[in-house]
Amino acid sequence: MGTMSVPRLIVNMSFPMMISMFIQSLYNIVDSALVGRINENALTALSLAFPLQNLMVAFGIGTAVGVNALLSTRLGQKKMEDVNRAAMNGIFLALCTYLFILLLSFFILHPYFVFSAKGVAQIVSYGEEYASIVMRASFGMFGVMMLDRLLQATGRTIFTMISQISGAFCNIILDCCLIFGLGPFPKLGVAGAAIATVIGQCLSMVLSLVFNLAFNREIKFEFRKFRPHLATIRQVYLVALPTILLNGATSLTTYLLNLILGMFSTTAIAVYGVYFKLNSFLFMPIFGLNSGLVPIIAYNYGACKKKRILSTMRTGLLFALSIMGFGVILFELIPGRLLMLFSATNEMLKIGVPAIRIIAPSFIGAAVAITLSSAFQAFRSAIYSMIVAFMRQLVVLLPVAYFLALTGNIRNVWFAFPIAEVVSVAVSIFFYMRLKKNRLMPMQEE
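Calculation notes
- Residues numbered from 1 in each chain as written.
- Predicted model: local features only at pLDDT ≥ 70, side-chain atom pairs only at ≥ 80, totals over all residues.
- Heavy atoms only, no water.
- Phe/Tyr/Trp six-rings, centres within 6.5 Å; stacked < 30°, edge-to-face > 60°.
- Helix = DSSP H or I, 4+ residues; strand = E, 2+ residues; numbered from the N terminus.
- Buried < 20%, exposed > 50% of the residue type's maximum accessible area, 1.4 Å probe, protein only.
- Salt bridge = Lys/Arg side-chain N within 4 Å of Asp/Glu carboxyl O.
- Contact = heavy atoms within 4.5 Å.
- pLDDT = per-residue confidence, 0-100.
- Expected span 1.5 Å × (residues − 1).
- Bend = angle between axes of the 7 residues up to and from the residue.
- Polar contact = N/O pair within 3.5 Å; in protein donor to acceptor, adjacent residues only side chain to side chain.
- Patch = residues over 30% accessible without salt bridge, like charges linked within 9 Å, V, L, I, M, F, W, Y side chains within 5 Å.
- Areas by Shrake-Rupley, 256 points an atom, 1.4 Å probe, with all protein chains shown as cover.
- Axes fitted to C-alpha atoms, helices over the stretch in contact; angles between N-to-C directions.
- Parallel < 35°, antiparallel > 145°, perpendicular 65-115°, else oblique.
- Left-handed = near helix turned anticlockwise from the far one by under 90°.
- Nonpolar A, V, L, I, M, F, W, Y, C, P; charged D, E, K, R; others polar.

Examining the packing of aromatic side chains
- For the structure shown, the criterion picks out 22 aromatic pairs.
- With 4.9 Å between their ring centres and 35° between their planes, Phe159 and Phe211 make a pair best called tilted. Residue Phe159 is located in helix H6 (residues 157–180), and its partner Phe211 is located in helix H7 (residues 190–215); the two are separated by 52 residues in the primary sequence. Taken individually, Phe159 and Phe211 each receive the classification buried, so the pair is uniform in this respect.
- Judged by centre distance (5.5 Å) and plane angle (85°), the ring pair of Phe283 and Phe363 falls under edge-to-face.

Topic: the pattern of salt bridges
- Enumeration over the complete set of coordinates arrives at two salt bridges.
- Glu218 is the salt-bridge partner of Arg156, the closest N and O atoms lying 2.6 Å from each other. Taken together, the positions of Arg156 in the loop between helix H5 (139–153) and H6 and Glu218 in the loop between H7 and helix H8 (230–262) put the pair 62 residues apart, joining distant regions of the chain.
- Residue class for Arg156 comes out buried when judged on its relative accessible area of 18%.
- On the basis of relative accessible area, Glu218 is assigned to the partly exposed category, the value being 29%.

A few points about the environment of Val190
- With respect to the element layout, Val190 can be found in helix H7.
- Judged by its relative accessible area of 1%, Val190 is buried.
- Along the backbone, Val190 and Leu440 are 250 residues apart, and their C-alpha atoms lie at a distance of 50 Å.
- Setting aside residues up to four positions removed in sequence, Val190 forms contacts with Val35, Ile38, Ala42, Leu46, Tyr126, Glu129 and Tyr130.

Let's talk about the side chain of Ser428
- Mapped onto the fold, Ser428 is located in helix H16 (residues 416–440).
- For Ser428, a relative accessible area of 1% gives the class buried.
- Apart from the residues within four sequence positions on either side, Ser428 is in contact with Ala369, Leu372, Phe376 and Val388.

Regarding the confidence of the model for the protein
- Per-residue pLDDT for the protein has a mean of 86; in total, 96% of the residues score no lower than 70.
- Per-residue pLDDT, averaged within each element of the protein, yields its smallest value for helix H1 (residues 6–36) (74) and its largest for helix H15 (residues 410–413) (94).

Thoughts on helix H2 (residues 40–76)
- Relative to the 54 Å expected for 37 residues at 1.5 Å per residue, H2 spans 51 Å between its end C-alpha atoms, a close match to the ideal helical length.
- At Phe50, H2 is bent by approximately 35°, the largest bend along its length, and proline Pro51 sits one to four residues beyond.
- The distance from a side-chain oxygen at the start of H2 to the backbone nitrogen of Asn41 is 3.0 Å, and the residue carrying that oxygen is Asn39.
- Looking one or two residues past H2, Lys78 carries a phi angle of roughly 65°, positive in sign.

Overview of a nonpolar patch on the surface
- Together, Met263, Tyr402, Phe403 and Leu406 line one region of the surface with nonpolar side chains, adding up to about 450 Å² of accessible area.
- Mapping Phe403 onto the fold places it in helix H14 (residues 383–405).

With respect to the packing of H2 against H5
- Following both chains from N to C, one finds H2 and H5 inclined at 20°, their axes separated by 9 Å at the closest point. In terms of orientation, H2 and H5 fall into the roughly parallel class. Of the two elements, H2 crosses H5, and the hand of that crossing is right-handed. The segment H2 lies against H5, with Met56, Val57, Gly60, Ile61, Thr63, Ala64, Val65, Val67, Asn68, Leu71, Ser72 and Leu75 engaging Met141, Phe142, Met145, Met146, Arg149, Leu150, Gln152 and Ala153.
- Looking at the contact of H2 with H5, its residues break down into 14 nonpolar, five polar and one charged.

Below is the structure:
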């Protein structure tokens, strides 16, 4: 963390995470592509379920990021007792998060889908069927999110790649078998997609647990002696809460955008859901890069190595821009072919092709904003990430999308995305320069 050349370190830390999250995006795409073969209503139901899944990810990833940042900082400071305490409290918080989502699922699913699906009975049925399974059996998802972050914080990202890829391939294989009833498997349709997802998540969790116990020497897992430590939990959530709110804002934004698009048709909602699956093809690797940058910056922040922090930021930004630049070219050249992966109808193509081409240039701005958020998280200033997200989504994207929808032309709605990204980049740069001036530049190299 403190001596390896920065580009090589970023590759070592981030590449396994980028590959694993790329595979995650592929199985999300396969999941929806196969469900799309059932009918368009099934695809719409998964689009409506996405905000609920994103809410789960918000709590799981947010808490894991808080633990990761604290643990990496303590490793840089050589405070091993605090490292162990952070890891054990992180596992405890993952369990608490699952219990919260489990309880929530019994109260919100039916009213949520009835309202969101505009009373279309088949969409409501598909949505409840899918979401009830992925929410009530989400212990695997929360477990692997936390356990993988513990491996990542200590530099063992190769094991996170193995756990994620194993779960992803398990999901893809079971998707094909359970959705359509191949071989000895029953034909379960949308429920089969959900069951395949949770089984894949549980496999990833089991592998990640085994890897932590067998290879993560920096952490001592003393389950019998564990007691919740309120001071550690508080420190975790100083970083985690803004991150949770940040991702929660994405969930709320997706839900409200579905309502805005529902003013036009349920097909528009399906297109938006497909777009999210497609953009995950690019964004998930960028988030993997972000996951690798955070512990590197946090470690060198704890070790007071200013030059390595600045070098990490520059190199990380270059990687992010390269990936997103490729994405822009891809989305501009073949949007129709991308949509046909989901068995798109003529109406979906009519709405989706211009939508993808209008939104794609905003990926460049997203590369900048996501990279800068790595510094916000590592410096325990994740509040900046939260403010940027709120500005982008709640202050700009939603109001602009709503007013553009009032024109009666759905094509205009998509321009809200690049407009919001411009604001996001401007605010991110402002906060980064402030952080650099007040926290980074005064740092004395050790």
